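The chain contents come next:
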Amino acid sequence: MNKLITLLTIVISTLSIPAFGQQKTGKINGNVIDGDTKTIEAASITLLRAKDSSLVKLSASDKTGKFSFENIAEGKYFVAISAVAHQKAYSETVELSAAHREVTLKTIRLIPQAKTLGTVTVTSKRPLIEQRAGMTVLNVEASPTNAGLNALELLEKSPGVTVDNDGNISLKGKQGVLVLLDGKPTYMSAADLAAFLRNMQSSNLDQIEIMTNPPAKYDAAGNSGIINIKTKKGNIKGMNGTANAGYTQGYYPRFNGGTNLNYRNNKLNLFGGVNGGTYEGYNQLNIGRKFYESDHSTLAGTGDQFTHRLSKGNYESFKAGMDYYFSKKDVAGFVVNGNFGNHSEVPTSTSNVRDAVGNIDYKLLSLANNSSLYKNVSANANYKHTFDSTGREISADADYAYFNNRSNNNLNTQSFNANDIKNGQDVNLLGDIPSKISIYSAKIDYVHPFKGGFKLESGLKTSFVHTDNQVEYLRNSGSRWSLDDRSNHFIYDENINAAYAIVSGKIKKWDLTAGLRLENTVSKGHQVKNDSIFTRNYTNLFPNAGIGYSANDKNQVNLSYSRRVSRPNYQDLNPFVYFLDSLTYSQGNPYLQPQFTHNFELSHTYNKFLTTTLNYTRTNDIITELLKQDTEKKTTYQTRENFSSMEQMGVAVMANMPIKKWLNTNIYTNVFNNHYKGIYQSDPVNIQFTSFTGNITNSFTLGKGWNAEISGWYRSKGVEGLLVINNMGAVNSAITKQAFKKKGTFKLGIRDMFFTQKFSGYAKYSDVDVTIAGRRDSRQVNVSFTYRFGKTNIPSARRKTGGANDEQSRVQSGGGN
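Residues numbered from 1 in each chain as written. Predicted model: local features only at pLDDT ≥ 70, side-chain atom pairs only at ≥ 80, totals over all residues. Heavy atoms only, no water.

Quick look at the overall build of the protein
Thought 1: Scanning the protein from N- to C-terminus turns up five helices and 50 strands.
Thought 2: Here the contacts in the protein between residues at least 6 apart in sequence split such that 67% fall between residues at least 24 apart.
Thought 3: Surface exposure of the protein reaches about 35600 Å², of which carbon and sulfur atoms provide 56%. (Helix = DSSP H or I, 4+ residues; strand = E, 2+ residues; numbered from the N terminus. Contact = heavy atoms within 4.5 Å. Areas by Shrake-Rupley, 256 points an atom, 1.4 Å probe, with all protein chains shown as cover.)

Pasting the structure below:
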């Protein structure tokens, strides 16, 4: 609490920073809605001179239907408004003068134009995929068949995003994505994040933003970029919300359900929700190993292993928050999130250990019973002050997050000879692994517009992280229990201080952005068992720049560059050992260093539907997942180390086009080359592959409330880290029906129709020679129902981005499925 008070003091004292001088500019504001009083986003707004109807400026309405024109000279003007499937409309004529520097137009109503083609009705709606400046946006509600999907399934449909068999997320063929929820972290490791996203329903989501070169105001974390999942929060007066329930049947069943509520009056906005569910599934894993002598070429033996893992659990989450508008210029709020659950798994492994000619030396049967209980709670308090109508504002955030996870492992190993006769006593291992993490963070951001359309953004941030992790193993080989020497206790503290500045503006057809972020990191790790301590103190600059050129209405070109960092996850720094079975385990590495990445992108957009992007990425000291083998013990373990470098070159093409009035198709393709180069145990490693990824979504509007979708994705053979992954893909389909005056949606969907989403690959470098093949419960049938009550025309309201994004995303917590 003392740290939080200190952070708040820093924020409050920083509010006294002198502001820049203001510039007097003329401004015209307006709002556009359709005939049913629904707001219209992205309507084309044209500012015209009254005397000759000549063009002055172009703009578009925002998510709430609002628009504005700034820095307008004195004179008389009117605006023309157009939107898809609406009749064009015009405003009244207004005048800017010395006495009236700011004018607000009367609300403009557009009349919808519904067109009927047989049984197909075409009306205005947001596109499924939008290409905006610096980001790609997936509009969740643009496709009715998104009803009943979870967040991970939505990411599979997102351009450039790939999700592997375990739910790990990559962006344009690169790992290291920073996933945010409403600008805040998702509190999970890769596996637990996948489980969390599988349990997050689309009815609670508004948009998914994908940024491969985020601006400097974001934390510099995220090797390949940022994915920001935005939830719904209304600003319509009164009560509204959604309720959903779903049932999924694969080999095992799953259930989910939840509700979200929003209430607003003139000054107060209350929002919250609860969600929960159960899951059960299986995972099968085959591992083949070859062990070599010290020359790395003479075969010393082999091993083959099969693991069948059953997992199940339940989860609950809640969200509660409030915004209070003290005046038109001042608003404060808070939000509290909680995630709770328990997870259990029962892996059964059989292993054959063979000599160089293939004869069985011995067999192992491993029976495990693992469980985990996790509790994550986070809170954010925020304040924003708007100085004037030009957009000059200052905002402050204070965040606190607490994670309490406890895992218990029970591993029994039995040994047999080649004739299945038992060798000796069973070996039993009991593990108790508690973990506690606390994060404190505060930040302040300032925005100042200048005359001529330029704008300055700047800010400060500080964060403190404390982790306390223990592992205690008891071992019994038949006589008595004793403390295993792999027990450990690791304490880690970290403080990051950052400052940034961004200047952006428009000069005729050019859009310019330049930003710089400074981050200082101070960390200390302590292994209590052997009283080993390490400290680090480093400062880095992270530049970000972008140039955009609009040649005409049909051709836009953008060039961008950014430098980014990926710090090790807190759990990856723990030198603990986690067992899958007696021959396979993972181990942390306290000596991991951060990796640094340079990203370059050149993109061209044609006619707002076809976007082509060239990219180049170089990462130094890349944090890479490695497999290591012990020939004498015939064991394999997974760890992470700083490998030398990774380079990627690629080209991506995205097209979103209506084929017919009843059919819309979105296509994304990406061809890229990943090249890993470095030294492993004195042996040079050089691995590269040129790969292809693609996804396609076909949306059908069938009329009378019926919609359908057929989608699929494919990934060719490629390399991630030092693991070569074979090709894989899946085809999905769904059909939906609206009911209860369009307030309810029924959906029936099938995932991985042809059961092709199976994983296989290999790692071959130095003395490592491992093949892996896995399959999970991926073919599933889903039935869901979503009901919207209250006022359903809910544009998004104020959505806060807290200050603890990077820190919380590096946390690994319990749970999974």
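Concerning the environment of S603
Thought 1: Inspection of the secondary structure puts S603 in strand β36 (residues 595–606).
Thought 2: Separated by 47 residues in sequence, S603 and Q556 have C-alpha atoms that sit 8.2 Å apart.

Structural notes on the pattern of salt bridges
Thought 1: The final tally for this structure, using the stated rule, is 19 salt bridges.
Thought 2: The salt bridge partner of E74 is R101, with a shortest N-O separation of 3.8 Å. Highlighted residues: E74 in the loop between β4 (66–70) and β5 (75–82) and R101 in the loop between β7 (94–96) and β8 (102–104), separated in sequence by 27 residues.
Thought 3: The partner of R618 in a salt bridge is E647, with the nearest N and O atoms 3.4 Å apart. Placement of R618 in strand β37 (residues 610–620) and of E647 in strand β40 (residues 645–660) is noted, with a sequence separation of 29 residues between them. (Salt bridge = Lys/Arg side-chain N within 4 Å of Asp/Glu carboxyl O.)

Considerations on a nonpolar patch on the surface
Thought 1: On the surface, a cluster of nonpolar side chains totalling about 930 Å² of accessible area is made up of I507, W510, I547, V557, L559, L602, L614, V651, V653, V671, F692 and Y714.
Thought 2: Breaking the nonpolar patch down by element, the ones donating at least two residues are β33 (555–566) and β40.
Thought 3: Tracing the sequence through the fold places I547 in strand β32 (residues 532–552).
Thought 4: Residue classification places I547 among the partly exposed positions, given a relative accessible area of 40%. (Patch = residues over 30% accessible without salt bridge, like charges linked within 9 Å, V, L, I, M, F, W, Y side chains within 5 Å. Buried < 20%, exposed > 50% of the residue type's maximum accessible area, 1.4 Å probe, protein only.)

With respect to the sheet that holds strand β34 (residues 577–581)
Through backbone hydrogen bonds, the strands of a sheet pair up, either in parallel or in antiparallel fashion.
Thought 1: With mixed pairing, the four strands of this open sheet are ordered in space as β34-β35-β39-β38. Each edge of the open sheet carries a strand with a single partner, namely β34 and β38 (623–630). Recorded for the sheet is a direction-independent mean angle of 25 degrees between the axes of neighbouring strands.
Thought 2: Taken together, the three bridges between strand β35 (residues 584–587) and strand β39 (residues 635–642) define a ladder with parallel strand orientation. Bridged to T584 within β39 is T636. (Pairing = 2+ DSSP bridges. Axes fitted to C-alpha atoms, helices over the stretch in contact; angles between N-to-C directions.)

Comments concerning the side chain of T597
Thought 1: Here T597 is to be found in strand β36.
Thought 2: Exposure remark for T597: the relative accessible area of 1% places this residue in the buried category.
Thought 3: Reaching out from T597, the side chain makes a polar contact with the side chain of T619 at a distance of 2.9 Å. (Polar contact = N/O pair within 3.5 Å; in protein donor to acceptor, adjacent residues only side chain to side chain.)

Some remarks on the nonpolar core
Thought 1: Among the nonpolar cores identified, the biggest contains 30 residues, and L155, V161, I169, L197, I208, I227 and I229 are the most heavily contacted of them.
Thought 2: Put simply, the parts of the chain that give this core at least two residues each are α2 (151–156), β14 (161–163), β15 (169–171), β16 (177–181), α3 (190–198), β18 (205–211), β19 (225–231) and β40.
Thought 3: With near-sequence residues (within four places) excluded, V161 lies in contact with L155, E156, I169, S170, L171, I210, I227 and N695. (Core = buried A, V, L, I, M, F, W, Y, C linked by side-chain atoms within 4.5 Å.)

Some words on the pairing of strand β31 (residues 510–527)
Thought 1: When strand β30 (residues 488–507) meets β31, the two strands line up antiparallel, connected through 18 bridges. Across the sheet, the residue bridging to Y500 is R517, located in β31.
Thought 2: Taken together, the 18 bridges between β31 and β32 define a ladder with antiparallel strand orientation. Note on β32: the bridge partner recorded for K524 is T535.
Thought 3: The turn joining β31 and β32, which pair antiparallel and follow one another in sequence, is formed by four residues; a positive phi near 55 degrees is taken by D531.

By themselves, these figures tell us nothing about what the structure is for.
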